[in-house]
Amino acid sequence: MTDEETSTDAVGSADETDEDTSTDQERMTDPLEEAEKGGKFFRRVCWLGVIAGAGVAVAYARNQRQKLAAMSDDEIRAMLQEKLGGRVADEQLVEIQNMVISKVRGTGATTGSGTASVTGTVTYREKIAMPQDAVVIVQLQDTSLMDVPAVDIGAQVIEGAGTVPVHFSVGFDPAEIIDNHTYSLRATITSGDELLWTTDTAYPVITRGNPPTAELLLIAVPPPVSA
């Protein structure tokens, strides 16, 4: 073997070694990156579970729908229970579980099957536009019982709204409506993991003489105080 061939072989071996080393490093890095992403997600869920309910659940379900779709409803609930149990109130945990499942099983931005809908607008007093990544969430809930968590009947997630007023149409199944129950609308506007605006009062609709429409006025939420 000539010196030139020996040199070429050495260079080739070195390249293969570098490639193997790079591949090994990628294998070592990927799980760490995945763990970090998972940690960021669940920290975000904990935060919004306290201040905004289901907002982050919807965003996460949108991004991870394919993975979550392979899980049963009970498995999704158990996963969220394991990660969030004890960190958020029970009623907030139920709301997060319901919204994740609704988003995963739904086919669009609106959850709640049927032919009826509740319509209206979302607005706020401040003369400013929403951030580009703002998400408006409008929920139709059964709020009949004072000491029982509200039950979601339908919801709509609106992205890229830009400015108010934002028009919404929340679909629901009329068969789920009980005449002597109370149904209310609530809404939030979030940006990333920050709650910007929220309703602070109930907006009754559908039953007890209330119309199937409402104009929701949201109030600004002060940013959290830095430690």
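As shown above, the structure is provided for reference.
Residues numbered from 1 in each chain as written. Predicted model: local features only at pLDDT ≥ 70, side-chain atom pairs only at ≥ 80, totals over all residues. Heavy atoms only, no water.

(A) Representation of the nonpolar core. Among the nonpolar cores identified, the biggest contains 27 residues, and Val122, Met130, Val138, Leu140, Leu185, Ile189 and Leu216 are the most heavily contacted of them. Elements that contribute at least two residues to this core include exactly strand E2 (116-124), strand E3 (134-142), strand E4 (151-159), strand E5 (166-172), strand E6 (183-191), strand E7 (194-198), strand E8 (203-205) and strand E9 (213-220). In this view, Leu185 contacts Val118, Val138, Gln139, Leu140, Phe168, Tyr203, Val205, Ala214 and Leu216; residues no more than four positions away in its chain are not counted. Membership of the second largest hydrophobic core comes to 9 residues, among which are Leu68, Met79, Leu80 and Leu84. (Core = buried A, V, L, I, M, F, W, Y, C linked by side-chain atoms within 4.5 Å. Buried < 20%, exposed > 50% of the residue type's maximum accessible area, 1.4 Å probe, protein only. Helix = DSSP H or I, 4+ residues; strand = E, 2+ residues; numbered from the N terminus. Contact = heavy atoms within 4.5 Å.)

(B) Expanded view of the side chain of Gln156. Residue position: Gln156 is located in strand E4. At a separation of 2.7 Å, a polar atom in the side chain of Gln156 contacts the main-chain amide nitrogen of Ser169. (Polar contact = N/O pair within 3.5 Å; in protein donor to acceptor, adjacent residues only side chain to side chain.)

(C) Structural view of the pairing of E6. Most of E6 is tucked away: 9 of the 9 residues are buried. Residues Tyr183, Leu185, Ala187, Ile189 and Ser191 of E6 are buried on one face, and the alternating residues Ser184, Arg186, Thr188 and Thr190, pointing to the opposite face, are buried as well. Summarising the sheet, E6 and E8 pair through 3 bridges and their orientation is antiparallel. Bridge pairing in E8 links Tyr183 to Val205. Here E6 runs beside E7; their pairing, made up of 4 bridges, is antiparallel. When the bridges of E7 are listed, Thr190 appears paired with Leu195. Hairpin connection, E6 to E7: the antiparallel pair is bridged by 2 residues, and Gly192 has positive phi, about 65 degrees. (Pairing = 2+ DSSP bridges.)

(D) Layout of the packing of aromatic side chains. By the definition in use, this model includes 1 aromatic pair. Geometrically, the ring pair formed by Tyr124 and Trp197 is stacked, given 3.9 Å between the ring centres and 5 degrees between the ring planes. One end of the pair, Tyr124, is in strand E2; the other, Trp197, is in strand E7, and 73 residues separate them in sequence. Each member of the pair, Tyr124 together with Trp197, is buried. (Phe/Tyr/Trp six-rings, centres within 6.5 Å; stacked < 30°, edge-to-face > 60°.)

(E) The pairing of E5, seen in detail. Counting buried positions along E5 yields 5 of 7 residues, so the element is predominantly enclosed. Taken together, the 7 bridges between E2 and E5 define a ladder with antiparallel strand orientation. Opposite Val122, over in E5, you have Val166 as the bridge partner.

(F) The arrangement of the side chain of Ser191 in detail. Topologically, Ser191 is positioned in strand E6. In terms of polar contacts, Ser191 uses its side chain to reach the side chain of Asp133, at 2.7 Å. Those residues within four positions of Ser191 in sequence are excluded, and the remaining contacts are Pro131, Asp133 and Leu196.

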